[in-house]
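Structural characterization, general
Here's the letter readout for the chains.
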Amino acid sequence: MTLPTALPEAGSGPSREAFLSSATPRWCPGCGCFAVLKSLTATYARLGVPREKLVTLSGIGCTSRLPYYTATYGFHTLHGRAPTVAIGAKLANPELSVWLISGDGDALAIGGNHTLHLLRRNPDIKMLLLNNQIYGLTKGQASPTSPLGLHTRSTPFGVSDPPINPVNLALAAGATFVARVPDTNTAMMEEVFMAAHAHRGVAFVEVLLNCVTFHDGAYQLITGKDSRAEHSLRLQTGAPMRFGRDDDRWLCSDNGRIVVRQSATAPADALILDPQAPDPGLAQQLALMTPPVLPCALGIFRQVQAPVLAEAAA
Amino acid sequence: MTLPTALPEAGSGPSREAFLSSATPRWCPGCGCFAVLKSLTATYARLGVPREKLVTLSGIGCTSRLPYYTATYGFHTLHGRAPTVAIGAKLANPELSVWLISGDGDALAIGGNHTLHLLRRNPDIKMLLLNNQIYGLTKGQASPTSPLGLHTRSTPFGVSDPPINPVNLALAAGATFVARVPDTNTAMMEEVFMAAHAHRGVAFVEVLLNCVTFHDGAYQLITGKDSRAEHSLRLQTGAPMRFGRDDDRWLCSDNGRIVVRQSATAPADALILDPQAPDPGLAQQLALMTPPVLPCALGIFRQVQAPVLAEAAA
Amino acid sequence: MNQAPTAAFTLDPDRLDVQLLDEITVKFAGDSGDGIQLAGQKFAQLASAAGESVRTLPDFPAEIRSPIGTLGGVSGFQVRTGVGEVHTAGDAIDLLVAMNPAALRANRDGLRANAMVIVNETAFTSANLGKAGYTVNPLEDGSLRGLRVFPVQIGKLTRTALKGLPLSTREIDRSKNFFALGLICWLFPHPKDEIDTWIGQRFAASPELAHANQRAFHAGWNYGETAEFFVSPLRIGAGERMREAGLYRFITGNAALARGLVLAAQRAELQLFLGGYPITPATEVMQELGRLCTPAVRMFQAEDEIAAIGSAVGAAFAGALGATSTSGPGLSLMGEFLDLAVIAELPLVVIDVQRAGPSTGIPTRSEQADLLQALHGRHGESPLPVLAAASPKDCFDTVVAAARIALRYMTPVIVLSDLSLASGAEVWREPECAELPPLPVQRAVPGSEFRPYRRDPETLARAWAIPGTPGLEHVIGGLEKAGESGAVCYEPENHEQMVHLRARKIAGIVRDIPPLQVEGDRDAKLLLVGWGSTWGPIREATTWLRREGLPVASVHLRHLNPLPADLGPCLRRAGTVVVIENNTGQLWQHLRAHYLLDLQRLNKVQGNAFKVAEIVDHVHSLLETV
Amino acid sequence: MNQAPTAAFTLDPDRLDVQLLDEITVKFAGDSGDGIQLAGQKFAQLASAAGESVRTLPDFPAEIRSPIGTLGGVSGFQVRTGVGEVHTAGDAIDLLVAMNPAALRANRDGLRANAMVIVNETAFTSANLGKAGYTVNPLEDGSLRGLRVFPVQIGKLTRTALKGLPLSTREIDRSKNFFALGLICWLFPHPKDEIDTWIGQRFAASPELAHANQRAFHAGWNYGETAEFFVSPLRIGAGERMREAGLYRFITGNAALARGLVLAAQRAELQLFLGGYPITPATEVMQELGRLCTPAVRMFQAEDEIAAIGSAVGAAFAGALGATSTSGPGLSLMGEFLDLAVIAELPLVVIDVQRAGPSTGIPTRSEQADLLQALHGRHGESPLPVLAAASPKDCFDTVVAAARIALRYMTPVIVLSDLSLASGAEVWREPECAELPPLPVQRAVPGSEFRPYRRDPETLARAWAIPGTPGLEHVIGGLEKAGESGAVCYEPENHEQMVHLRARKIAGIVRDIPPLQVEGDRDAKLLLVGWGSTWGPIREATTWLRREGLPVASVHLRHLNPLPADLGPCLRRAGTVVVIENNTGQLWQHLRAHYLLDLQRLNKVQGNAFKVAEIVDHVHSLLETV
Ligand SMILES: Cc1ncc(C[n+]2csc(CCOP(=O)(O)OP(=O)(O)O)c2C)c(N)n1
Ligand SMILES: Cc1ncc(C[n+]2csc(CCOP(=O)(O)OP(=O)(O)O)c2C)c(N)n1
Ligand code: SF4
Ligand code: SF4
Ligand SMILES: [Mg+2]
Ligand SMILES: [Mg+2]
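A brief look at the structure comes next. These figures come from a predicted structure and were not determined experimentally.

Cut-offs applied
- Residues numbered from 1 in each chain as written.
- Chains lettered and ligands numbered in written order.
- Predicted model: local features only at pLDDT ≥ 70, side-chain atom pairs only at ≥ 80, totals over all residues.
- Heavy atoms only, no water.
- Least-squares fit on C-alpha atoms with pLDDT ≥ 70 in both.
- Contact = heavy atoms within 4.5 Å.
- Salt bridge = Lys/Arg side-chain N within 4 Å of Asp/Glu carboxyl O.
- Buried < 20%, exposed > 50% of the residue type's maximum accessible area, 1.4 Å probe, protein only.
- Buried area = accessible area lost by both parts, 1.4 Å probe.
- Polar contact = N/O pair within 3.5 Å; in protein donor to acceptor, adjacent residues only side chain to side chain.
- Nonpolar A, V, L, I, M, F, W, Y, C, P; charged D, E, K, R; others polar.
- Phe/Tyr/Trp six-rings, centres within 6.5 Å; stacked < 30°, edge-to-face > 60°.
- Helix = DSSP H or I, 4+ residues; strand = E, 2+ residues; numbered from the N terminus.

1. Some details on the relation of the copies chain D and chain C
Superposition of chain D onto chain C requires a rotation of 180° combined with a translation of 0.0 Å along the rotation axis, giving an RMSD of 0.1 Å. In symmetry terms, the pair is related by a two-fold rotation axis. A share of 100% of the interface residues of chain D reappears at the interface of chain C, consistent with the copies meeting face to face through the same patch.

Next comes the structure, spelled out in structure tokens:
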């Protein structure tokens, strides 16, 4: 690995456009993918990695079309199997900076096992899971992240299988870097993508992605202007976790359970997230928080150093 | 579902032998599988389920040979794929009591995804993962649960991929009943298998299984006569968790992390496991405890009621 | 190439009364948001309700979303309707409705000489022309010479008609497909009031929209009546419009597959269990079953295709009719489970709705290139029956036949369909369950001598020992077994016997295959052979060629393994045999291996069906050289 | 059946000096814990070191662990050694060492008439006899008539020899294989001191064990020397024992595959990347590579076979020689990725070490029934080259040839081996890397006109544009593409062209296939055709039949797709062609489809190789009827 770990600022280096291909993106107008493409190419422009060392890989799905729109090396592989291709490419050429783009069906239905094993092996690969809680490309069937009760083309009576929480699963799989960002916040995406790149090892980033066509508004509470303050929480390292319009709600621990207390100052049992904690237990609990009961946690859940796949075995 | 939930005592009903086939088990002398077969058939004898309603299904592996030695209906399917066959069988005939036997390679390497989706869907299926931390049938390669550094036929320089913790993964997948038992304790196995059966929904039981031939002594600390008191902990519902030769070590919580405190009586922050907690966070933390640092937790981690697959969709 | 040989549409400009046609091919085309599919489907239904023979074929954009107005974004719906034999959606378009320049351009090459083209002139702005890749307006540069072009301000007229309604301009513009429908319906004509009622019902959820669409529809109708340039309405001549009594409906191949599975299971008094995973163009099979869900019909959306077939195998083990539906990439994942079903001898129907490959290929185009995989795509000696459907409604009969074989022979069966059948539709009378011949299932009965693989001496099939039955407890699996007891057996001779027994069992299915139906003279010099969706064009080409007095006949194969017993003699009788396929010659290769005959082939691998004319031309050239 | 036609072993009881033999087939058999494999391997090595031709074949119990002493638990190691042509492990056993009654019983039918049988009399207790299924002691009931049985108290004598050593009885009993080895080594004889040294080294970690085994070995040797009933030592005659200089070693087919991959990659100056997943009988390929691990050789144990081939595809994309090794069930899971590699045009070697199928089948038995799957087991039109290895050491040459094709034509290649080659072994001289012909790789070079799929006009292969190279950034994938730019392309004509281009590219590999080597007279009336592991028996049968003066020749196919250009003429020249396979006729079917020739076939699907005699007998019967 020869990638620099000191990251340049935005604005320095090549322009974002240099990382865009000439192909016109074929997503529905308003699809969250556009924002991801923007943030990702903006990140590429800031990395200081020469374009030829970047590889953008994907499976199959709307979201997996992304590599066609970048000017890096790219591989649009098979539904669910991109993690396997990514590992092979990375092991064969550790100098490459490998970015893996996947959808919720791709990464968690057909590809769930490859995702799991990618994450536990800790190769230096960055995986973005663009989670729109639906199968977009095949026109609207339930995915493993579709919420209970959702009526889709394949669940005319509503989804009955409890959804997977991708961040919790990634943590359980032992991922060394785990984050969650909404597609509405390109600044947060860029920041987290940069941190993912800086992390030595596997990085898993769930992007809450809006599919305007088949599941519009899935993240309305979390990303809506009016609701987001109450229903999301930005993870911060080292300080007690708080949220709310007035920043006066605190996450506290009650016999191992997370509860919310309202208070002007941090209560004594206010929880502090240490992304480098020896085990991901607390991070997993935070990952499970779901509006409207608890706020959706955004940002970096975990960031620990561990031996990286290629190095471990060399 | 017409299975009785009031469970008969041991000794009543048919004999264990009535559930054994005439085939002679072909495991290595001393293999942990013998004890599992014994506990499982003893459980069958106690369930009060007529033999023809029992189905013992498996994938491929040493452990997956088990169905041949029972006198129930059985299906020795494909490597990693038994969960899919189990779901189909159960949905097609909900009256069957379906027991799925799997190995660590079977359930977590090639079959990881099916295991994950089986657990999240919550069908009324009982899955035993016989975890010997090795590929037995193919003669000793590393499995996804093999400990770091283990020299196996496929890892001449030692295992470098961090192992999967099956209980943690099952909890992250949303399993509604999760337990862990050692193959050395047939009483505990039977007790947990009975509880698994009584649970309405999916039940996941990890059996710590000793492979005498390819990975002997994997659980020595946890099951050894001299060490087990110090290195294992029997989960109990409703009481602070303690362990140790003198029962004076307590699991306590420190900003969401588990620590051990020594004391004659329970410290104020001693942790109590509620298997029906709204989220599996604490259970996941307990699952991750590994000797010699923390004791291996044994028993039932989680037991919550949730809609069962067949019923949810009917 | 010849002009299409079927009764071509010709408009006689001198006649002012209603013109009688034998048949016509109409295509609606526009942007994917233009409501083209709905308009086309309704038109087809109306034609069918009028007792005509109808065949439809939609075409969807290949991409997720191409920018509006571009060629990539064009969606189309083709309807061929007539009194005679209508087995394809038509070689060429007689009447095109083009809602924008891209729709015109995309279909330009598909138009017959002298075809009518109704264009939505409103959309022919320079921006739209540019997006479609036109530098000059084709309405003005004479490039449409030889066509009868009718420019209509569909967009503008719709806006005018809907003025004052409480709708946004965008919403109003969405009604323009109803204007077009109105215009076309006047042209034929179809019963105005019924359509009006239908619109009201269809948009019952939103009375404003219903009202707007009705208004647009009437505006279109009235425009036809009053505008001068349409010479006269058309009418499809009154041919043999007789149909058996019953419930008729339009059915796509995919819906027919779903219905077929349901009825077969019902007839066999079994539960139907389909495990599926979405994939174009097979998704509708599982979706249709999801909608039909009853205690006796269960659809399970699995996490992938392996789990889909795995769950079906589990269901079959537990006593249901197991099924799964997929396309090529999914079939490539199912080989291992097919093998298990072969050795465990479980009844399973596996549907492969083929699309253009290899790999992801072109998911929105049709092909017949999975045949050899269906025959051979499993490790070891693993024979299984393969059937293929010939038309959308034949999907029903074929899948019922497959279920019958699966249950009678306790075997997995592969059914091949393809994208053109999947989304194409034709009129079909749904049979009552009792109309199907009985579908008996041989269940094992407990007794002191129960052996799970005891076989019927004729079929070599075992009886089904279903979990839940007292006294039949046994274990099955993928290891080689002794032929009756099912006990794991590694004996060399036993293995060889079992390999041959499995082969003989499948070969024996030949006894259930009905005699081949030769279309045309049994002793014709030239025989056309097809399978699957090539049936339509081959059959129409045969008719055409025979009308020309040429010595041509055709046979079509539903059964690809085993092959019909009378196929060999049939092939040998003909002087020249041409195997016609949408692949590079897979059946051709299969037949060569079987019969050692030097067959000819005609292949097309362009993601779409043969034109009738292509086959006719090929035969002409062959007969010239012969 | 005839007695095996190779130079049979006959012991002349009247001669007391050393007896010269052309060849002999020796088998060690005992319980799986008896150290049989080690003794057999050492004996084979000694024979080879003496310059003899050697072929070995172990057989393992099919079950995980059968109870000690039962038939299911017998493990065997067969060694055929001679001066002449030794291409099989022997039709029948000339000399059997049976460590217990089950070992005798399991091999009874494999003994040649008059064979020598050394039995460990100590193990012939009534308990052991019972476990083996004997009701009467076969040493006493005359049932071994026609054999030369030498009962030796191997167990007892070993205990006596090792008495006083600080070992448990169980440990002492484990040395009895060295007693047997000593006895056999005296019989031949092989150099005692070297073996002594070897034992010391082999058990260096435990000096007590080393010492015990050495003592047992000497006890066995001395027993041979002093016991009265062995007539005289044997010796393999001095034939053409000349070998090229170089490093010789025993190699199994699986090890040869691993070495071949390593050397091919090294010669091409590429990294080798093998993604694997354990499966009998292919596991050793990945394990061997795991041991060879260097920066240039990387083995990755994946979570399943899909991930194994997926990682190899990724490595090939990134510029390595990608490879994977599996058996039938794994190949059934790889179809989708093979398709991707076909359309993306990536260099990949996929090894299938076949075992008896279908499904899990008999994992510990050999078969050749994955050929049709290798040829056709993918959806869509997806041609790829298929090669097969003929002998353990030919595994090396075949996999190198496959790598050459993969790299020159930018394509996945399937290499077929099977269990009998995988675990069988023969002597092989490892070539230096530089001895291999160059393996050039065509890399794309940056430039203003870079197009990722620009093709070499002769091979139609694209140049490899490897990530990391500035100026070659591009995207590949599974969607249909334009033939040069690689841009996604859904045009009908382009698709058809690409389908044909991919087919032509693979068909063109025929130019690299060397002319067929006909064994025997090119114009012989009867031609035997084989592929894969049938080579050994076919070749020996040919030699035998020609010695008899019969008009027989044989050809063996390494290349199964495309077929060699000169195969057609070769088949047509022969009056009768017999295709010989361990399946029901898969190559036979493939050849019929290709050449329209009415070939004959000889098949055996019993999980083990043909005996030479079976082929000879078949030809005899054919020539009688002809
Ligand atoms: C083996 C296989 N099965 C199924 C498909 C069809 N398919 C394509 S994308 C997709 C799911 C898309 O959902 P997701 O991964 O969430 O991506 P999105 O389109 O929502 O971005 C499916 C089922 C396929 N291409 N290959
Ligand atoms: C598709 C497929 N791949 C590989 C194998 C070979 N195989 C059989 S069992 C096994 C792993 C056994 O390990 P585990 O599941 O832990 O079971 P154990 O033998 O340890 O009980 C493997 C790789 C197979 N049978 N099928
Ligand atoms: S269908 Fe959904 S995910 Fe796909 S492009 Fe459209 S908005 Fe995006
Ligand atoms: S190899 Fe291990 S797991 Fe398999 S039977 Fe022997 S002891 Fe048990
Ligand atoms: Mg999605
Ligand atoms: Mg295991």
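2. Points about the pattern of salt bridges
Going through the model one piece at a time under the given rule, you end up with 68 salt bridges over all chains. As a salt-bridge pair, Arg249(B) and Asp248(B) come within 3.5 Å of each other at their nearest N and O atoms. A single burial state applies to Arg249(B) and to Asp248(B), both of which are buried. Here the salt bridges share partners, and the residues they tie into one network are Glu230(A), Arg245(A), Asp248(A) and Arg249(A).

3. With respect to the interface of chain B and chain D
On the side of chain D, 23 residues touch chain B, which itself brings 23 residues to the contact. Here chain B and chain D share an interface that buries about 1900 Å² over both sides, 57% of which is from carbon and sulfur atoms. Applying the counting rule to chain B against chain D returns 0 salt bridges. Linking chain B with chain D are 6 residue pairs in polar contact (both at pLDDT 80 or more). Of the residues in the side of chain B that touches chain D, the class split is 12 nonpolar, 7 polar and 4 charged.

4. Some thoughts on the packing of aromatic side chains
For the structure on display, the rule yields 29 aromatic pairs over all chains. Centroid distance Trp27(B) to Tyr69(B): 4.9 Å. Interplanar angle 80°. Geometry classified as edge-to-face. On the criterion of sequence distance, the pair formed by Trp27(B) in the segment before α1 (33–47) and Tyr69(B) in the loop between β1 (54–58) and β2 (73–76) is long-range, its members being 42 residues apart. Side by side, Trp27(B) and Tyr69(B) carry an identical accessibility label, which is buried. Ring centres of Phe43(D) and Phe188(D) lie 5.1 Å apart, and the angle between their planes is 65°; this geometry places the pair in the edge-to-face category. Taken together, the positions of Phe43(D) in helix α1 (residues 36–49) and Phe188(D) in the loop between α6 (176–187) and α7 (192–202) put the pair 145 residues apart, joining distant regions of the chain. Across the pair, Phe188(D) and Phe43(D) agree in class, each one buried.

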